[in-house]
Amino acid sequence: LDAGPAPLLAALAAPQLGSVQGARRIVLGLQSSMQMGREAERAGQSPSDLACSSSLLGSDGLVLVKRAAQATVVIETSIAFMVISPAFVNFVAFCFFAVLIAGHVFWFVESYQNPQFDASYLLGVLDGSWFAMVTVTTVGYGDKAPATLGGKAVTTIWMFFGILAFGVFCSNISAQLNLANAENSIQGVGDVKGKDLTLGLPKYLTETAAVSSYFNMGKELGVTGVACKDLADCAAMLQDKTITAFVAPQADVLSYFVTSGLSAAKCGNPLIIVGSVFGVGAVDGVGLRVCGLSRGVYLARYLAAGLDSAFLAMQVDGTAASLLSSYVAPALGSPSSQQLADPACAAASAYRTTQLIAFAVVLAFYVAVNLGARWVRKVLAERAVRRHLETAALQPDPDAPA
């Protein structure tokens, strides 16, 4: 206790809780007290036998974790998903019937006075539907046009309908692209609310009454909640892009970053904490605490009280702030300048090199074929002219004097 909690912070590791052989033996672990309670149950102990210090991170709470790398939005993929989406299929079906009905109206109004619309029903409706299609899409080929006053009035209304319908359609396309790019715009839990995203929650959070009522499996944030078995499962699902982000106590996230080796990854931690801590005071047991567990409950309580006293003194003299900053930064595993300069750690180019090379090769091929064809035609034309002149020179002039 004389050294304060610094050695415990420096030796951050998952708690090793086993069967207690003696009344004086105590097992320490540095995690959130919520997680420590679960570890106590696994060790066959009662969570009520835990005695934990105050949070070493002050107003600790929950954090949002996402991938460090920027998500690449593939427009072709987004369009492909949009084309097979129910909204697009329903829109196409709606447009089909709308154009068919408009085709009947244009044929009925124009067929008697306008020869551009066939008088027969089948061909006339096809003419009217074609005119409706090129008008509603604002293409306007000009091969057909209304000649009657009624036809012009209906066409005017139909034009405004097309502008509105395709304006809504284009806004849906933009929304799809924005949704695909939503992950890059997440800078905190506030950026998650109301978006069609998938948020992971560790199982021990969803099983805790306080957290379940606070999150209600993602409904509070307006997202789809997915339960992970533990933080390792959440991290695996995040890196596999099964989920967009996950929420967990800051203490457990920092502990997992260190114990899993993510904070010491060659190119920096592939996962990052975004935004500020939230849920402070709303959820119990999420603080970074030193917890003691033993049959001698009072020994654990005395230790927790001693740590609180020592840490309070460190907060007064400013030692705690520098200690925590020196602990949190390495735990986060942000890439250093040397790592960023390493070519192996450089971000992949946004340009698709293979596709661009194929495009350049095909373009060069067609340019070469076009230039070659022009050269061949020029040579053949010159030869034809030369042969014609030679033939004309060999033939006698009928008008020449004998």
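As a reminder, the structure under discussion sits directly above these lines.
Residues numbered from 1 in each chain as written. Predicted model: local features only at pLDDT ≥ 70, side-chain atom pairs only at ≥ 80, totals over all residues. Heavy atoms only, no water.

Draft legend 1. Representation of the state of the cysteines in the model. Counting across every chain of the model gives one disulfide. Through a disulfide, cysteine 228 is tied to cysteine 234; the S-S separation comes to 2.4 Å. Torsion about the S-S bond of the cysteine 228 and cysteine 234 cystine: about 105°, corresponding to right-handed handedness. Each member of the pair cysteine 228 and cysteine 234 is classed as buried. (Disulfide = S-S within 2.5 Å. Buried < 20%, exposed > 50% of the residue type's maximum accessible area, 1.4 Å probe, protein only.)

Draft legend 2. Structural view of the packing of helix α4 (residues 86–110) against helix α5 (residues 121–136). Packing of α4 against α5 brings their axes to within 7 Å, and their N-to-C directions diverge by 115°. Read as a crossing pair, α4 and α5 show a hand that is right-handed. Here Val99, Leu100, Ala102, Gly103, His104, Phe106 and Trp107 of α4 lie close against α5, whose contacting residues are Tyr121, Gly124, Val125, Gly128, Ser129, Phe131, Ala132, Met133 and Val136. For the contact of α4 with α5, the class distribution of residues is 11 nonpolar, five polar and no charged. (Axes fitted to C-alpha atoms, helices over the stretch in contact; angles between N-to-C directions. Helix = DSSP H or I, 4+ residues; strand = E, 2+ residues; numbered from the N terminus. Left-handed = near helix turned anticlockwise from the far one by under 90°. Contact = heavy atoms within 4.5 Å. Nonpolar A, V, L, I, M, F, W, Y, C, P; charged D, E, K, R; others polar.)

Draft legend 3. How the structure looks around the nonpolar core. Leu64, Val65, Phe246, Val247, Val253, Phe257 and Leu271 are the most contacted members of the largest nonpolar core, which has 32 residues in total. Sorting the residues of this core by element identifies β3 (62–67), β4 (198–202), α7 (203–206), α9 (231–239), β6 (245–249), α10 (250–259) and β7 (271–278) as the ones contributing at least two each. In this structure, valine 253 is in contact with Val63, Val65, Leu231, Phe246, Ala248 and Ile273, ignoring residues within four places of it in sequence. One finds Phe106, Phe117, Phe131 and Ala132 within the second-largest nonpolar core, a separate group that totals nine residues. (Core = buried A, V, L, I, M, F, W, Y, C linked by side-chain atoms within 4.5 Å.)

Draft legend 4. Highlighting the environment of serine 120. By the element assignment, serine 120 lies in the loop between α4 and α5. When its relative accessible area of 31% is taken as the criterion, serine 120 is described as partly exposed. Taking the C-alpha atoms as reference points, serine 120 and tryptophan 107, separated by 13 residues in sequence, lie 9.2 Å from one another. Discounting residues that sit within four places of it in the chain, serine 120 has contacts with Trp107 and Val125. Reaching out from serine 120, the side chain makes a polar contact with the side chain of aspartate 118 at a distance of 2.6 Å. (Polar contact = N/O pair within 3.5 Å; in protein donor to acceptor, adjacent residues only side chain to side chain.)

Draft legend 5. Fine view of α5. Along its 16 residues, α5 runs 22 Å from first to last C-alpha, staying within 8% of the 22 Å computed at 1.5 Å per residue. For α5, every residue scored as buried is listed here: Gly124, Val125, Asp127, Gly128, Ser129, Phe131, Ala132, Val134, Thr135 and Val136. Directly beyond the C-terminal end of α5, a positive phi value near 60° is found at threonine 138. (Expected span 1.5 Å × (residues − 1).)

Draft legend 6. Spotlight on the packing of α9 against α10. Taken N-terminus to C-terminus, the directions of α9 and α10 make an angle of 75°; their axes are 10 Å apart at the nearest point. Classified by the angle between their axes, α9 and α10 sit roughly perpendicular to one another. Residue-level contacts link Leu231, Ala232 and Ala235 of α9 to Asp252, Val253 and Tyr256 of α10. Its residues assigned to classes, the contact of α9 with α10 shows five nonpolar, no polar and one charged. (Parallel < 35°, antiparallel > 145°, perpendicular 65-115°, else oblique.)

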